[in-house]
Amino acid sequence: MTDLLCIDCAQSLRLAGVGMTLMNDAGHQAVIGTSGTVASRLEEIQFDLGEGPSLDASRTNRTVGSDDLGDGVLLRWPAFASAALVAGISAVTAVPLGVGGVRLGSLSMYRSSPGRLDEQQRATAHAYGGAAVVVLLHLQERIPSLDLSRDGLHPDLGAPVAYRAEIHQATGFLAVRAAVGMTEALLLLRAHAFAADRSLLDVARDVLAGRLRIHPKENEDD
């Protein structure tokens, strides 16, 4: 699943490679998905050397990168920049992955020629970052045998984070469908859950699965 997301991102943005990594405050880290050999090698090099955009994006919780790895970046990431240039990579953008205050890692996008991502490309890159977070949460929830905490996922990540993520997704989905604001959409979810004597999480999952439609008029006074 993670490799497919990286491959799709690389194809969509016409990149030379994409890599997804996991990282937490304790320093546990792992490469969990790549689009191919080049991205895999560059991600592993960063972990081996302890430097590079993937690590910096997660550590700072900010998008980092270079539009030209051959232009002064050797001072910032000397070993990584040299390895990237040898591999035919001239530019990179790394997007942090996280939920709230919990850091999960980063999604790094490698380009074969120097240059800056335009506004639309940046928006697409961040959209893939959001999708990567959802994939990581689903992996932890649906594959019990995969110990993501041991392999690099933040140890605080668990049911509460997955809960918030699903509620947030359902709120955004309902806001679009009902043409209301996010605050009102969340109130609609809570009101329906209370009236039906169900948990908010169960209602959110039904909304996301298309099993439940909630309309503002359901909660209006007669």
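Shown above is the structure to which this text applies.
Heads up: these notes are all about the structure in this document.

Reading guide: rules and limits
- Residues numbered from 1 in each chain as written.
- Predicted model: local features only at pLDDT ≥ 70, side-chain atom pairs only at ≥ 80, totals over all residues.
- Heavy atoms only, no water.
- Helix = DSSP H or I, 4+ residues; strand = E, 2+ residues; numbered from the N terminus.
- Buried < 20%, exposed > 50% of the residue type's maximum accessible area, 1.4 Å probe, protein only.
- Contact = heavy atoms within 4.5 Å.
- Areas by Shrake-Rupley, 256 points an atom, 1.4 Å probe, with all protein chains shown as cover.
- Core = buried A, V, L, I, M, F, W, Y, C linked by side-chain atoms within 4.5 Å.
- Disulfide = S-S within 2.5 Å.
- Salt bridge = Lys/Arg side-chain N within 4 Å of Asp/Glu carboxyl O.
- Expected span 1.5 Å × (residues − 1).
- Arc of directions from axis to C-beta.
- Axes fitted to C-alpha atoms, helices over the stretch in contact; angles between N-to-C directions.
- Left-handed = near helix turned anticlockwise from the far one by under 90°.
- Nonpolar A, V, L, I, M, F, W, Y, C, P; charged D, E, K, R; others polar.

This brings us to the overall build of the protein. A tally of regular secondary structure across the protein gives 9 helices and 5 strands. The N-to-C order of helical and strand elements in the protein reads α-β-β-α-α-β-α-β-β-α-α-α-α-α. Burial statistics for the protein: of 222 residues in total, 45% are counted as buried. Considering only contacts within the protein whose residues lie at least 6 apart along the sequence, 58% involve residues at least 24 apart. For the protein, the computed accessible surface area is about 11400 Å², with 51% contributed by carbon and sulfur atoms.

Attention now goes to the nonpolar core. Soluble globular proteins tend to bury their nonpolar side chains together. With 23 residues, the main nonpolar core has Val 18, Met 20, Leu 97, Leu 107 and Met 109 as its most contacted residues. Every element with two or more residues in this core is listed here: α1 (2–13), β1 (17–23), β4 (91–99), β5 (102–111) and α5 (119–142). Counting residues per element, this core draws most heavily on α5, which supplies 7 residues. Look past the residues within four positions of Met 20 in its chain and what remains in contact with it is Thr 2, Leu 5, Cys 6, Ala 30, Val 31, Ile 32, Gly 33, Leu 97, Ser 106, Leu 107, Ala 132 and Leu 136.

Throughout the structure, instances matching the rule amount to 0 disulfides. In this model Cys 6 remains outside any disulfide bridge; the closest cysteine sulfur is found in Cys 9, 7.2 Å from its own. We classify Cys 6 as buried; its relative accessible area is 0%.

Inspection of the entire model under this criterion finds 5 salt bridges. One salt bridge connects Asp 67 with Arg 116, and the closest N-O pair in it is separated by 3.0 Å. Of this pair, Asp 67 sits in the loop between β3 (64–66) and α4 (78–86) while Arg 116 sits in the loop between β5 and α5, and the two are 49 residues apart along the sequence. Residue classification places Asp 67 among the partly exposed positions, given a relative accessible area of 29%. When its relative accessible area of 66% is taken as the criterion, Arg 116 is described as exposed. In this structure, Arg 198 and Asp 206 form a salt bridge, with 2.7 Å as the shortest nitrogen-oxygen distance. Relative accessible area serves as the criterion here: at 13%, Asp 206 is assigned to the buried category. Bridged by salt links that share partners, the residues Asp 67, Arg 111 and Arg 116 form one connected network.

Right, let's talk about helix α8 (residues 182–196) for a bit. Here α8 is 15 residues long and its end C-alpha atoms lie 21 Å apart, about the 21 Å a rise of 1.5 Å per residue gives. Positive phi shows up at Asp 197, right after α8, with a value of about 55°.

This part is about α4. Phe 80, Ala 81 and Ala 84 are the residues of α4 that are buried. Looking straight down α4, one finds its buried side chains confined to an arc of 95°; they lie on one side. Taken together, the buried residues of α4 touch α2 (37–49), α3 (53–60), β4 and β5. Positive phi shows up at Gly 88, right after α4, with a value of about 90°.

Below, the discussion takes up the packing of α8 against helix α9 (residues 200–209). Interaxial distance between α8 and α9 falls to 9 Å at its minimum, and their mutual angle equals 115°. Where α8 crosses over α9, the handedness of that crossing is right-handed. Contacts between α8 and α9 pair Leu 189, Arg 190, His 192 and Ala 193 from the former with Leu 200, Val 203 and Val 207 from the latter. Of the residues in the contact of α8 with α9, the class split is 5 nonpolar, 1 polar and 1 charged.

Moving on, we get to unusual backbone geometry. A positive phi is found at Asn 61, a non-glycine position, where the angle reads about 55°. Topologically, Asn 61 is positioned in the loop between α3 and β3. Its relative accessible area of 47% is what places Asn 61 among the partly exposed residues. A positive phi angle, near 55°, is found at Ala 179, a position not held by glycine.

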